Amino acid sequence: MEFRHNGFTLAEVLVTLGIIGVVSAMTIPTLMQNHQRKVYVTQLHKVYNELSQAIESYTASKNAVNLKEARVIDENGVKNFVSSQFKTVQICEDKATPCFASSYATISGTQLNTDVFNPSSKEGYCFTAASGYSMCLANNGGLIQTYIDVNGAAGPNIAGRDFYLLGISAPQNLVDGFTVAFAAVLYDFAGQDVNSIDKAALREEYAKQCESDGLGCFDKILNDNWEMNY
């Protein structure tokens, strides 16, 4: 009686494994990158929510409508805000390190200009929260420049990945929920009617800055429904 074996030959198995290996090599890095992007955005969203809740809680406790009216207008005001609203494990005051990394890079790989993030020159107040992120608040004429590293001093230390800049502004500087994401841009509109600001053009500018130096990325993520599409 003749027995037939319907299994795969060794050559067929090896070819199949080779194909699987090639496909895996092509797809796994992309999957890992997409996963890491989601991790960064999830962390950023958590920090953003915690910051928003802290602002609401602090202004309510002061019977104020915004941080400026709550007297968060100088270094002492920022300290009081932080000490009452955040659980901290490390206070760095006006020094970035060791709460933040000693240097940051842009998405393109160049070093981030140190003038952009220099807390000591802006009367900044930096800390690391118990949940692992670092934040630095620097009041500048009623606009609080806010620097966030979603995982503290840990890598990759890249603007637009784990490091972001946004601005906390009084309501008169906001229109239709428009969020100030790159504080330096707002200074150009000091004293202007905010209703005259071309928000679409400004967001386009933020998108360009995100591509070039990472500092417009918060606004891009926010307006892409919390997706890191870059």
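It should be noted that the structure appears before, not after, this text.
Here's what I pulled together on the structure shown here.

**Description of the overall build of the protein chain**
Helix and strand content of the protein chain: 5 helices and 5 strands. Moving toward the C terminus, one meets the helices and strands of the protein chain in the order α-α-β-β-β-β-β-α-α-α. Counting across all 230 residues of the protein chain, residues that qualify as buried make up 40%. In the structure as shown, the protein chain presents an accessible area of about 12600 Å², 52% of it carried by carbon and sulfur atoms.

**As for helix 2 (residues 75-85)**
Taken residue by residue, helix 2 has Gly77, Val78, Phe81 and Val82 as its buried positions. The arc that holds the buried residues of helix 2, viewed along the axis, is 130°, so those residues lie on one side. Opposite the buried face of helix 2, by more than 90 degrees, sit the exposed residues Asn76 and Ser83. For helix 2, the N-terminal cap is Asp74; the gap from its side-chain oxygen to the backbone nitrogen of Asn76 is 3.3 Å.

**Digging into the pattern of salt bridges**
Inspection of every chain in the model, using the stated rule, returns 3 salt bridges. A salt bridge links Lys79 to Glu75; the shortest N-O distance between them is 4.0 Å. Here Lys79 pairs with Glu75, and both are found in helix 2, just 4 residues apart, close to one helical turn. A salt bridge links Lys95 to Asp94, with the nearest nitrogen and oxygen atoms 3.2 Å apart.

**Details of the state of the cysteines**
Taken as a whole and assessed by the stated rule, the structure comprises 3 disulfides. Cys92 shares a disulfide with Cys99; S-S distance 2.1 Å. Every disulfide takes its handedness from the sign of the S-S torsion; for Cys92 and Cys99 that torsion is 95°, giving right-handed. The exposure classification of Cys92 matches that of Cys99, with both residues buried.

**Digging into the packing of aromatic side chains**
All chains considered together, the criterion is met by 13 aromatic pairs. Considering the side-chain rings of Tyr48 and Phe218, the 5.5 Å spacing of their centres and the 45° angle between planes classify their relative orientation as tilted. Of the two residues, Tyr48 is situated in helix 1 (residues 10-61) and Phe218 in helix 5 (residues 217-223); the sequence distance between them amounts to 170 residues. Residue Tyr48 is classed as partly exposed on the basis of its relative accessible area of 22%. Ring centres of Phe117 and Tyr147 lie 4.6 Å apart, and the angle between their planes is 40°; on these two criteria the pair is classed as tilted. Residue Phe117 is located in the loop between strand 1 (88-93) and strand 2 (124-129), and its partner Tyr147 is located in strand 4 (residues 143-149); the two are separated by 30 residues in the primary sequence. Residue Phe117 is classed as buried on the basis of its relative accessible area, which comes to 12%. Classification of Tyr147 as buried rests on a relative accessible area of 1%. Site record: aromatic cluster; members linked through ring pairs are Phe100, Tyr104, Phe117, Tyr147 and Phe163.

**With respect to the environment of Phe100**
With respect to the helices, strands and loops of the structure, Phe100 is situated in the loop between strand 1 and strand 2. For Phe100, a relative accessible area of 1% puts it in the buried group. Between the alpha carbons of Phe100 and Phe163 there is a distance of 9.4 Å; along the sequence they are 63 residues apart. The residues contacting Phe100, other than those within four sequence positions of it, are Phe117, Cys126, Ser134, Met135, Cys136, Tyr147, Ile148, Asp149, Ala153 and Phe163.

Criteria and thresholds
Residues numbered from 1 in each chain as written. Predicted model: local features only at pLDDT ≥ 70, side-chain atom pairs only at ≥ 80, totals over all residues. Heavy atoms only, no water. Helix = DSSP H or I, 4+ residues; strand = E, 2+ residues; numbered from the N terminus. Buried < 20%, exposed > 50% of the residue type's maximum accessible area, 1.4 Å probe, protein only. Areas by Shrake-Rupley, 256 points an atom, 1.4 Å probe, with all protein chains shown as cover. Arc of directions from axis to C-beta. Polar contact = N/O pair within 3.5 Å; in protein donor to acceptor, adjacent residues only side chain to side chain. Salt bridge = Lys/Arg side-chain N within 4 Å of Asp/Glu carboxyl O. Disulfide = S-S within 2.5 Å. Phe/Tyr/Trp six-rings, centres within 6.5 Å; stacked < 30°, edge-to-face > 60°. Contact = heavy atoms within 4.5 Å.

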